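Survey of secondary and tertiary structure
So you can see what is in the structure, the chains are spelled out below.
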Amino acid sequence: MLPKKRGKIAFISVHGDPAVNIGKEEAGGQNVYVREVGEALARKGWQVDMFTRRSARQQETIVEHSPNCRTIRLTAGPEEFVARQQLFEHLPEFVEAFFHFQNQSETIYPLIHTNYWLSGWVGMEIKKRQLAKQIHTYHSLGAVKYRSIAAIPFIANTRLNVEKQCLETSDMVVATSPQEREDMRSLVSDKGNITVIPCGTDIERFGRVSREQARQALGLDPATRVILYVGRFDPRKGIETLVRAVDQPEVRQHPNLKLMIAGGSRPGQKDGQERERIEGIVSELNLANITTFLGCVEHTDLAYYYAAADICVVPSHYEPFGLVAIEAMASGTPVIASDVGGLKYTVVHEETGLLAPPQDEKAFAQAINRILGNSHWREQLGQAARQRVETKFSWDSVASQLDELYLEQLGQLHQEFLTSSVVS
Ligand code: UDP
C-alpha cells in the first residue's frame, strides 16, 4: 500500500552533502543522518528535498535518491571544498540561491529542518521571509566542543551566538541524546523547545552477516583478535588513545592481535595530517605489523568489518551522538566507548559494552582486556547490543518520531495561517 501523502520538507545541510562518499574529511555522521532520515521520511509519504552547497564544479545539481527524496546542490561561494570554519560568509548567497530555487520551481517549503549551526542560520533567515516552521538538529554544540580543544577558532563567537538564537527561536530543536539536551539547557539557553529523538542506523545492513561469514569474506583467521576503529581522522576522535591502549601490556599479552582503522583521509588536508600523526605513533610503538589502515570503507563493506571485529572502540574526546557505536552494536559487536555525550546513552556499561574516561589509555586497555579475555561475555554483550539497537535506533523508528513531530508542526502552521488570515 502506498503511504499517505504528507507534504514537503526542505532539509538544509550546507556542509554535509548527503550525496557524497562518507568517510572523507567533512563527511561523516551528519551526511549519513540527513540521507537516511530523508529516505526513511520519503517512504512515509513526505517529499524530501535536501539542500547542500556545491563543493565541486562537476557535481550534479540534482541527485535523485529514491522517489520523493533528492539532493539539491546550490551554488554559494567557490565551487570547491571550503572548510566549515570558512563557510559562514557564503551563507547569504546560499539563502538567495534557496529562494531562487523555490521561485523557479514554484514551491514554498512549509517545513525547514536545519542541520548544524551554519544551516541553522540559513533556516532563521528563511523564516524571516516566509511562513515556515524550523526544526533544528545541532549535530555538534560549539559550547561543548570548545571545552575540549586547545585552539578556539576565530568563528567561535559567531557560532555560539547563532546556536543560542537557534535554540531560542526554532519551533523545535531535536537533541539526539538526553545528554545533548542537558548540555543545551546548561550551556546554551534555558529558552526554546527541545525534544529528544536519537540518530538511527540501518538494522538490515548492519547485522546481516555472521562473524564467521564476515571473517571468511575478509580472509581473517578465526583465531585473530580484531580491534576495530571506524571514523574520521580528527584529533577529537581520540585514535591516539586507542593506539596507546593497544600498546599496554594487558592488551599486548593477547596473541594474534589486529588493530584495524577504517576512515578516509586526504593528503595535505587536516585529516591527512592526523592520519600521518597516528601512523607515526603506530610505528614509534612498534605496532605497524599488527595495524591496518583500511582507508575509506563503504557502508556495504563496513558491515563485514563490524561483524568480524571482536570489539569496536570509539575513543572520542567528545561525541554528540556517534553513529559508529550503534552501527557496531547493530552488527552484534560490543563497543568500548568514551564516557561522553551520546555514547553514554547508546552504550550501556557492562550490558552492551564498556565505557571508559576519554583520553585514558590505561582505562581503555583494561576494558579491551576484559572483553578479549572472556569470549562468552563478549557474545552476550554483542547480543544485548544488537537488541538495544533494534528497539531504539532503527532509522524507521527515528523517522516515525520525526514524522509525528512534522505533522504536529504542520498542524500548528495551518492554525497560525488561519488565525493570521482571520485577523487581517
Ligand atoms: N564511515 C564510513 N566509512 C569510513 C568511515 C566512516 O562510512 O571509512 C561512516 C560511519 O559508518 C558513520 C559515519 O561515517 O556512519 C561517522 O559518523 P559518526 O557519527 O560516528 O561521526 P562523525 O563523523 O559525525 O563525527
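Everything numeric here is computed off the predicted structure, so don't read it as measured data.

Cut-off values and rules
- Residues numbered from 1 in each chain as written.
- Predicted model: local features only at pLDDT ≥ 70, side-chain atom pairs only at ≥ 80, totals over all residues.
- Heavy atoms only, no water.
- Near = heavy atom within 4 Å.
- Polar contact = N/O pair within 3.5 Å; in protein donor to acceptor, adjacent residues only side chain to side chain.
- Helix = DSSP H or I, 4+ residues; strand = E, 2+ residues; numbered from the N terminus.
- Nonpolar A, V, L, I, M, F, W, Y, C, P; charged D, E, K, R; others polar.
- Core = buried A, V, L, I, M, F, W, Y, C linked by side-chain atoms within 4.5 Å.
- Buried < 20%, exposed > 50% of the residue type's maximum accessible area, 1.4 Å probe, protein only.
- Contact = heavy atoms within 4.5 Å.
- Pairing = 2+ DSSP bridges.
- Axes fitted to C-alpha atoms, helices over the stretch in contact; angles between N-to-C directions.
- Right-handed = clockwise from strand over helix to strand, strands pointing away.

Brief notes about the site of the ligand
The full set close to the ligand counts 23 residues, and Gly 29, Arg 232, Lys 237, Val 297 and Glu 327 are the nearest of them. Within the contact set of the ligand, an oxygen atom lies 2.9 Å away from a side-chain nitrogen or oxygen of His 299. Looking at the shell around the ligand, the elements with two or more residues in it are α1 (29-43), α11 (299-308) and α12 (323-330). Taken together, the residues of the shell around the ligand sort by class into 10 nonpolar, 8 polar and 5 charged.

Description of the nonpolar core
If you look at the biggest cluster of nonpolar residues, it comprises 64 residues, and the most contacted ones within it are Phe 11, Leu 41, Tyr 306, Val 335, Leu 402 and Tyr 406. When residues in this core are grouped by element, the largest group, 8 residues, is from helix α16 (residues 395-423). For Val 335, the contacting residues outside a window of four places in its chain are Cys 312, Val 314, Ala 325, Ala 328, Met 329, Val 347, Thr 352, Gly 353 and Leu 354. Formed by 43 residues, the second largest nonpolar core is a distinct cluster that contains Tyr 138, Val 144, Ile 155 and Met 184.

What about the sheet that holds strand β6 (residues 133-137)?
The strand order β3-β4-β2-β1-β5-β6-β7-β8 describes an open sheet built from 8 strands, whose pairing is mixed. Of all strands in the sheet, those with a lone pairing partner are β3 (62-66) and β8 (194-196), marking the two edges. Taken pair by pair, the neighbouring strands of this sheet meet at an average axis angle of 25°, ignoring direction. Sheet topology places strand β5 (residues 111-115) next to β6; 5 bridges connect them, and they run parallel. Following the sheet pairing, Thr 114 is matched in β6 by His 136. Across the sheet, helix α6 (residues 178-188) is in contact with β7 (172-175) and β8; its angle to β7 comes to roughly 130°.

Points about unusual backbone geometry
At Asn 286, a position not held by glycine, the phi torsion is positive, near 60°. The residue Glu 350 is not glycine, and still its phi comes out positive at about 70°. The class of Glu 350 is partly exposed, set by a relative accessible area of 39%.

Topic: α12
Here α12 lies mainly inside the structure; 8 of its 8 residues are buried. Among the residues making up α12, those that are buried are Leu 323, Val 324, Ala 325, Ile 326, Glu 327, Ala 328, Met 329 and Ala 330.

Notes on the sheet that holds strand β14 (residues 353-356)
Whenever strands of a sheet pair, they do so through backbone hydrogen bonds, lying parallel or antiparallel. If you trace the 6 strands from one edge of the open sheet to the other, you get β11-β10-β9-β12-β13-β14, paired in parallel fashion. Only two strands of the sheet have a single partner each, and these edge strands are β11 (291-295) and β14. Neighbour-to-neighbour, the strand axes of this sheet turn through a mean angle of 20°, independent of strand direction. Bridge count for strand β9 (residues 225-230) against strand β12 (residues 311-314) is 2 bridges, and the pairing is parallel. Paired with Leu 228 across the two strands is Cys 312, which belongs to β12.

Regarding the pairing of β11
Alignment of strand β10 (residues 257-262) against β11, held across 4 bridges, turns out to be parallel. Of the residues in β11, the one forming a bridge with Ala 262 is Gly 295. Since β10 and β11 lie parallel, the crossover through helix α10 (residues 270-284) that links them has a hand, and here it is right-handed.

Quick word on the environment of Ile 135
Examined against the element boundaries, Ile 135 turns out to sit in strand β6. As for Ile 135 and Pro 320, which are separated by 185 residues in sequence, their C-alpha atoms are 18 Å apart. Each residue touching Ile 135, except ones within four places of it in the same chain, is listed here: Leu 111, Ile 112, His 113, Thr 114, Met 172, Val 174, Leu 405, Tyr 406 and Gln 409.

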